[in-house]
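Examination of the molecular architecture
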Amino acid sequence: MNAAELIASGLLEAHVLGEGSSEERALVERMAASDHSVKTELDAIELALKQYAFATAVEPPVRVRASILSAIGAEGSKVIPMTAPKAGVGSRTWMVAAAVIALLCSGAANFLLYNRLHQVNDRLADLENERAVMADQMQVQQTSMKQTQDQLAVVFDPNKHIVPLAGQVIEPKAAARIFMDPATSEVYIDVLSLPKPPTGKQYQLWAQVDGKMVDAGMLDVADNGEQLQRMKTMPNATAFGVTLENAGGSQVPTLTELYLFGQVG
């Protein structure tokens with residue numbers, strides 16, 4: 001391993017923090033003694049950690065300092081033999097402690113930031129869901145408003161010819177109105193009152209043209225019994241009727257199931 005590879009390997013940082021195997025530590029010490037760039041990098045790492053340790057050091061309280069000095073004074077006459085510590089052991093201990101504290105502080109800060117980010121992301125997701133729901137509701141309201149405006153335009157158009165359809169024997173209370181445009185022969189039916197058709201049945205509008213009853217379209221009766229629906233264009237229609245047929249319609253009207261009828265003009 002050359003000097004550049006050793007510097008990039010992270011073994012220098014581990015050596016300064018008192019980590020690494022005996023072989024790795026021996027390799028770092030041997031390379032530092034023989035290569036100037038390795039020695040310079042190792043010294044720079046030690047200096048940086050020392051500066052960080054001193055910058056983040058906490059001054060002990062005054063009473064603790066006084067207590068320690070008092071204890072030292074009381075034992076000052078005693079000579080306590082001490083073995084010389086290995087060079088760099090004390091400074092490295094401080095550096096390891098500082099690094100551990102910095103790591104713990106960094107981990108706590110990252111945890112708090114992660115939780116905060118998670119909360120923000122959840123709130124953004126909630127807001128996006130609310131926005132989507134509101135957009136859907138607005139779209140529904142706009143569609144409903146457009147349909148209402150179109151229906152009102154038909155109902156209040158002075159050029160439309162109104163043909164009232166009266167209930168027949170089978171349902172005297174049934175009622176509807178035909179709005180017919182004389183210029184375009186467009187036909188709309190406004191169902192005022194019709195019983196809900198049974199399952200498998202459907203109302204069908206018929207127009208009398210040249211003495212024959214012609215299919216004018218199937219009715220989609222709303223639950224409330226009231227709606228305006230555009231039907232087939234019927235030129236020269238002289239009368240309209242509504243019968244109850246099988247779902248999908250019939251080729252000819254079932255006159256025994258005639259619910260509504262009215263003549264044009």
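Residues numbered from 1 in each chain as written. Predicted model: local features only at pLDDT ≥ 70, side-chain atom pairs only at ≥ 80, totals over all residues. Heavy atoms only, no water.

**Points about the overall build of the protein**
In terms of helices and strands, the protein carries six helices and eight strands. When the helices and strands of the protein are read in sequence order from the N terminus, they spell out α-α-α-α-α-α-β-β-β-β-β-β-β-β. Across the 265 residues that make up the protein, the buried fraction comes to 25%. For the protein, the share of sequence-separated contacts (at least 6 apart) that also reach a separation of at least 24 residues comes to 57%. Of the roughly 18000 Å² that the protein leaves accessible, carbon and sulfur atoms contribute 60%. (Helix = DSSP H or I, 4+ residues; strand = E, 2+ residues; numbered from the N terminus. Buried < 20%, exposed > 50% of the residue type's maximum accessible area, 1.4 Å probe, protein only. Contact = heavy atoms within 4.5 Å. Areas by Shrake-Rupley, 256 points an atom, 1.4 Å probe, with all protein chains shown as cover.)

**Digging into the nonpolar core**
Counting 25 residues, the largest nonpolar core has Ile-189, Leu-194, Leu-205, Leu-219 and Phe-240 as its most contacted members. Of all the secondary structure elements, the ones that give two or more residues to this core are strand E1 (161-167), strand E2 (175-180), strand E3 (187-193), strand E4 (201-209), strand E7 (237-246) and strand E8 (258-263). The contact partners of Leu-219, leaving out residues within four places of it in the chain, are Ile-189, Val-191, Leu-194, Gln-202, Tyr-203, Gln-204, Leu-205, Gln-229, Met-231 and Val-242. Among the nonpolar cores identified, the runner-up in size contains 12 residues, and Leu-11, Val-28, Ala-32 and Val-38 belong to it. (Core = buried A, V, L, I, M, F, W, Y, C linked by side-chain atoms within 4.5 Å.)

**Observations regarding the packing of aromatic side chains**
All told, the structure shown has one aromatic pair when counted by the stated rule. Plain terms: the ring middles of Tyr-203 and Tyr-259 are 5.3 Å apart, the flat faces sit at 80 degrees to each other, and that makes the pair edge-to-face. Remark: Tyr-259 occurs in strand E8 and Tyr-203 occurs in strand E4; sequence separation between them is 56 residues. Judged on exposure class, the residue Tyr-203 and its partner Tyr-259 are both buried. (Phe/Tyr/Trp six-rings, centres within 6.5 Å; stacked < 30°, edge-to-face > 60°.)

**Considerations on the pattern of salt bridges**
Here the structure, examined in full by the defined rule, presents seven salt bridges. The residue Arg-131 makes a salt bridge to Glu-128 at a minimum N-O spacing of 2.9 Å. Placement of the pair is Arg-131 and Glu-128 together in helix H6 (residues 89-155), with a separation of three residues, close to one helical turn. We classify Glu-128 as partly exposed; its relative accessible area is 41%. The partner of Lys-160 in a salt bridge is Asp-157, with the nearest N and O atoms 2.7 Å apart. Residue classification places Lys-160 among the buried positions, given a relative accessible area of 13%. Each of Asp-157, Lys-160 and Asp-181 takes part in one network of salt bridges that share partners. (Salt bridge = Lys/Arg side-chain N within 4 Å of Asp/Glu carboxyl O.)

**Digging into a nonpolar patch on the surface**
A cluster of nonpolar side chains, Val-120, Leu-124 and Leu-127, forms an exposed patch at the surface whose accessible area comes to about 230 Å². Here Val-120 is to be found in helix H6. (Patch = residues over 30% accessible without salt bridge, like charges linked within 9 Å, V, L, I, M, F, W, Y side chains within 5 Å.)

**Quick word on the sheet that holds E8**
Ordered by their spatial adjacency, eight strands build an open sheet running E5-E4-E7-E8-E1-E2-E3-E6, and the pairing between neighbours is antiparallel. Strand pairing shows two members of the sheet lacking a second neighbour, strand E5 (212-218) and strand E6 (227-230), which therefore form its edges. Pairs of neighbouring strands in the sheet enclose a mean axial angle of 25 degrees, with direction left out of account. Bridge count between E1 and E8: two bridges; the pairing is antiparallel. Within E8, the position partnered with Gly-167 by the bridge is Leu-260. (Pairing = 2+ DSSP bridges. Axes fitted to C-alpha atoms, helices over the stretch in contact; angles between N-to-C directions.)

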